[in-house]
Every structure is written in C-alpha cells, then in structure tokens.
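Each chain, letter by letter, is given below.
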Amino acid sequence: EEQYQYLRLLEKYWIHGVDERGRSLRKETGNQVSYTLKYNPEEVSYDEFKRTLIEGQSTIRCCSVMPQTDASAYEYQPEEMISKHEYEVIRQAIQNEGSIKEDIGKEHVDCAGGACPTDFGTNSASEDKEAVA
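What you see is a predicted model; the values in this text were computed from it and never measured.

Novice: Mind laying out the pattern of salt bridges, listing which residues take part and the relevant values?
Specialist: Here the idea is simple: oppositely charged side chains can pair when their charged atoms come close. Using the criterion set out here, one finds 5 salt bridges in the structure. For Glu 1, the salt bridge is made with Arg 51, and the minimal N-O distance between the two is 2.9 Å. Of this pair, Glu 1 sits in the segment before helix 1 (2-16) while Arg 51 sits in helix 2 (residues 46-57), and the two are 50 residues apart along the sequence. In this structure, Arg 23 and Asp 19 form a salt bridge, with 2.9 Å as the shortest nitrogen-oxygen distance. Arg 23 sits in the partly exposed class, given a relative accessible area of 48%. Here the residues in one salt-bridge network are Glu 1, Arg 51 and Glu 55, joined through shared partners.

If you want it as structure tokens, here you go:
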C-alpha cells in the first residue's frame with residue numbers, strides 16, 4: 001500500500017505538477033513512472049496481496065510487480081540486499097575496470113524471428129561498421 005501511495009505522489013507531483021490548489025500544471029503527456037513493486041510472499045498473504053493489487057493498480061498508470069524471493073529464481077532482481085562490504089567491493093571493481101561486461105544468457109535478450117537489432121555474431125561497434133561497409 002505504501003508503494004502505491006509513493007507512485008500516486010510521483011505521478012501527481014513529478015509527472016503532472018500541481019499548483020497551491022492542487023490543480024494540474026501540465027497537459028496530459030502520456031508519461032508514466034517506471035517502477036517494480038516488490039513484496040515478500042513470506043510476509044504478505046495471497047489475500048492481502050490480491051486485495052492491495054486490485055485496489056492499488058487501478059489508481060496509477062502502470063506498475064510491474066515482483067516477489068522478492070531467492071535471488072537464484074531470476075537473472076535480474078529489481079533490488080538485492082547486500083552488505084556495505086559487498087557494495088564497496090562492487091564499487092571498487094567498477095572504478096578499476098572502466099568497462100564491465102555482464103554475463104547475460106542470450107535467451108533473455110534474443111528477439112523472435114531475428115527482428116532484434118542485437119547482433120550476437122560481433123564483438124564491437126567497429127566490427128558492425130566494417131560489416132556494413
């Protein structure tokens with residue numbers, strides 16, 4: 001419920017903006033907040049989850065929902081708790097590397113029918129330019 005309230009406030013004040021009387025300052029833009037609502041299925045019952053979803057989802061433009069579960073269940077978690085030490089190790093690696101490459105399974109980014117602009121057959125943009133030329 002708190003996350004839905006946060007989204008409603010973001011839409012009201014960040015996307016639309018309001019004056020002192022609460023009137024919208026901007027015309028409709030079609031924009032929306034990109035957000036993944038997180039919940040712990042061990043702390044929230046199915047009935048509570050369902051009720052909150054039914055009540056909250058219709059009060060905002062859009063929201064993805066994802067359970068916070070074992071990190072091995074998904075390749076990407078929207079947020080993952082880490083210790084300060086783990087954070088510092090990651091921060092240091094990013095600063096030292098300059099360029100970090102992720103090990104992402106092709107099945108998560110490949111597009112059906114070859115319509116995706118990603119070319120898994122090349123290693124760099126300069127190779128792509130040479131192939132086109």
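Next comes the rest of the write-up.
Novice: Please set out the nonpolar core residue by residue, giving values where relevant.
Specialist: Counting 9 residues, the largest nonpolar core consists of Tyr 4, Leu 7, Leu 10, Ile 15, Val 33, Tyr 35, Leu 37, Ile 60 and Cys 63. For this core, the element with the highest residue contribution is helix 1, accounting for 4 residues. Beyond its immediate sequence surroundings of up to four residues, Ile 15 is in contact with Leu 10, Arg 26, Thr 29, Asn 31, Gln 32 and Val 33.

Novice: Which residues make up the side chain of Lys 38, and what are the values?
Specialist: Turning to its location among the elements, Lys 38 is positioned in strand 1 (residues 36-39). Reaching out from Lys 38, the side chain makes a polar contact with the backbone oxygen of Thr 36 at a distance of 2.7 Å.

Scoring rules and cut-offs
- Residues numbered from 1 in each chain as written.
- Predicted model: local features only at pLDDT ≥ 70, side-chain atom pairs only at ≥ 80, totals over all residues.
- Heavy atoms only, no water.
- Salt bridge = Lys/Arg side-chain N within 4 Å of Asp/Glu carboxyl O.
- Helix = DSSP H or I, 4+ residues; strand = E, 2+ residues; numbered from the N terminus.
- Buried < 20%, exposed > 50% of the residue type's maximum accessible area, 1.4 Å probe, protein only.
- Core = buried A, V, L, I, M, F, W, Y, C linked by side-chain atoms within 4.5 Å.
- Contact = heavy atoms within 4.5 Å.
- Polar contact = N/O pair within 3.5 Å; in protein donor to acceptor, adjacent residues only side chain to side chain.

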